[in-house]
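Analysis of the macromolecular model
Each chain is listed here by its residues.
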Amino acid sequence: MEGLAPGEYTVTEITDKVTARYEIQEGQTVTVTAGDLAEVKFHNKLLRGQIVGRKTDTEGNPLEGVLFGLFPKDAKEFTKDKAIATAKTDKAGKFEFKDVPYGDWQIVELEPLPGYVPLSDSIKATVDSNTVTLEDIQNTKAKIVISKVDSVTGKELAGAKLEIRDKDGKVVESWTTDGKPHTMDRLPAGEYVLHEVSAPNGYLIAEDVKFTVKDTDKAITVVMKDRPKDHPGTPNTGDIGWRLALTVFGVSLGGVVISLILSRKKKKEQD
């Protein structure tokens, strides 16, 4: 600045959009003398605050062990190694990022708990005070629905004993159907088999149904169909099938015997 008359002056910072993110320094007094250059320096530090959040299920229960990452507002890749900072929820479901410079940020769930649907979107946060408290962040449990139905009518069946086994053959869930779809909380990602231990009266045991659970799945429906024993399209079991086979075979033998007798009679007549 030029043209100042000699004398003492106080230089202060003006708060605007730029300086709002920095600590405002106290005004400095400077003496201006004719022919000399008066210099004033301000060293500003970025204002910093903390972001505090809490992770719960849909019923408000805290979730421990969920990992979050802090990212710049314009970030596009959300991985653990690209995060500015990471924080994991404690027993109370709380997490915090300290010494965060004022400005706009994104918070991303990097590692959800097994059995919960991960957040698909980032959480926007603006740090403009000492402490910024986020609203509770909820995770929903993905559901698995098992439906046991009549293969002909599609009606839900009661009385079937079912099991879900993991890839090692360990039973992770077992129940007897009650005529309604069976709902359970989401299983950890992996390969599973729905196995029928015993079928309802009048039905054949169904083959195992394999299904896969992925981390991104929100809901899975697995349908197992039982065939009625007396349905025309259903292969029969027991003696009836064997009698049918023997009857056909007997007719064939009869045809062979009759053919042989006729051939011998014809030969005698020719002789």
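Definitions and limits used
- Residues numbered from 1 in each chain as written.
- Predicted model: local features only at pLDDT ≥ 70, side-chain atom pairs only at ≥ 80, totals over all residues.
- Heavy atoms only, no water.
- Pairing = 2+ DSSP bridges.
- Helix = DSSP H or I, 4+ residues; strand = E, 2+ residues; numbered from the N terminus.
- Axes fitted to C-alpha atoms, helices over the stretch in contact; angles between N-to-C directions.
- Salt bridge = Lys/Arg side-chain N within 4 Å of Asp/Glu carboxyl O.
- Buried < 20%, exposed > 50% of the residue type's maximum accessible area, 1.4 Å probe, protein only.
- Polar contact = N/O pair within 3.5 Å; in protein donor to acceptor, adjacent residues only side chain to side chain.
- Contact = heavy atoms within 4.5 Å.
- Core = buried A, V, L, I, M, F, W, Y, C linked by side-chain atoms within 4.5 Å.
- Phe/Tyr/Trp six-rings, centres within 6.5 Å; stacked < 30°, edge-to-face > 60°.

1. Let's talk about the sheet that holds strand β17 (residues 219-226)
- Read from one edge of the open sheet, three strands run β14-β11-β17, paired in mixed fashion. Each of the sheet's edge strands pairs with one partner strand only, and the pair in question is β14 (182-185) and β17. Ignoring which end each strand starts from, the neighbouring axes of this sheet average 20 degrees apart.
- Two elements, strand β11 (residues 143-150) and β17, share eight bridges in a ladder whose sense is parallel. Directly across from Lys148, in β17, lies its bridge partner Met224.

2. Structural notes on the pattern of salt bridges
- One pass over the structure, following the stated rule, counts six salt bridges.
- The shortest N-O distance in the salt bridge between Lys148 and Asp226 comes to 2.6 Å. Remark: Asp226 occurs in strand β17 and Lys148 occurs in strand β11; sequence separation between them is 78 residues. Asp226 matches Lys148 in its accessibility class, with the two residues each being buried.
- The residue Arg165 makes a salt bridge to Glu163 at a minimum N-O spacing of 3.0 Å.

3. Overview of the pairing of strand β15 (residues 190-198)
- Two strands pair when backbone bridges link them, and strand β12 (residues 158-166) and β15 are joined in this way by six bridges, in the antiparallel orientation. Bridge pairing links Lys161 to Ser198 in β15.

4. Quick look at the side chain of Thr177
- Mapped onto the secondary structure, Thr177 falls in strand β13 (residues 171-178).
- Within the local environment of Thr177, its side chain forms a polar contact with the backbone oxygen of Leu157, the two atoms lying 2.9 Å apart.
- Other than its neighbours up to four places away in sequence, Thr177 contacts Lys148, Leu157, Ala158, Gly159, Ala160 and Leu162.

5. Considering the sheet that holds strand β8 (residues 123-127)
- Spatially, the four strands line up as an open sheet ordered β5-β4-β7-β8, and their pairing is antiparallel. In the strand order of this sheet, the two ends are held by β5 (85-88) and β8, each with one partner. The sheet shows a mean angle of 30 degrees between the axes of neighbouring strands, taken without regard to direction.
- Pairing geometry for strand β7 (residues 103-111) and β8, over five bridges, is antiparallel. Looking across to β8, one finds that Ile107 is bridged to Ile123.

6. Some words on the side chain of Asp57
- Here Asp57 lies in strand β3 (residues 48-57).
- According to the relative accessible area criterion, Asp57 is buried, its value standing at 10%.
- In this structure the side chain of Asp57 is engaged in a polar contact, spanning 3.0 Å, whose partner is the backbone nitrogen of Gly60.
- A distance of 2.8 Å separates a polar side-chain atom of Asp57 from the backbone nitrogen of Asn61.
- Excluding anything up to four places from it in sequence, Asp57 contacts Leu63, Tyr116, Gln138 and Asn139.

7. Topic: the nonpolar core
- Of all hydrophobic cores here, the largest spans 18 residues; its most connected members are Ile51, Phe95, Phe97, Ile107 and Leu134.
- The set of elements that each furnish at least two residues to this core consists of β4 (67-72), β6 (94-101), β7 and β8.
- Among residues more than four places away in sequence, those in contact with Ile107 are Ile51, Phe68, Gly69, Leu70, Phe95, Phe97, Ser122, Ile123, Ala125 and Leu134.
- Ranked by size, the runner-up nonpolar core spans 16 residues in total, among them Leu187, Tyr192, Val222 and Met224.

8. Considering the packing of aromatic side chains
- Taken as a whole and assessed by the stated rule, the structure comprises four aromatic pairs.
- An angle of 15 degrees between the planes, with centres 4.3 Å apart, marks the rings of Phe68 and Phe95 as stacked. Remark: Phe95 occurs in strand β6 and Phe68 occurs in strand β4; sequence separation between them is 27 residues. Residue Phe68 shares its accessibility class with Phe95, and that shared class is buried.
- Their ring planes at 75 degrees and their centres at 5.9 Å tell us that Phe95 and Phe97 sit as a pair that is edge-to-face. No difference in accessibility class separates Phe95 from Phe97, as the two residues are buried.
- These aromatic residues form a ring-pair network of at least three members: Phe68, Phe95 and Phe97.

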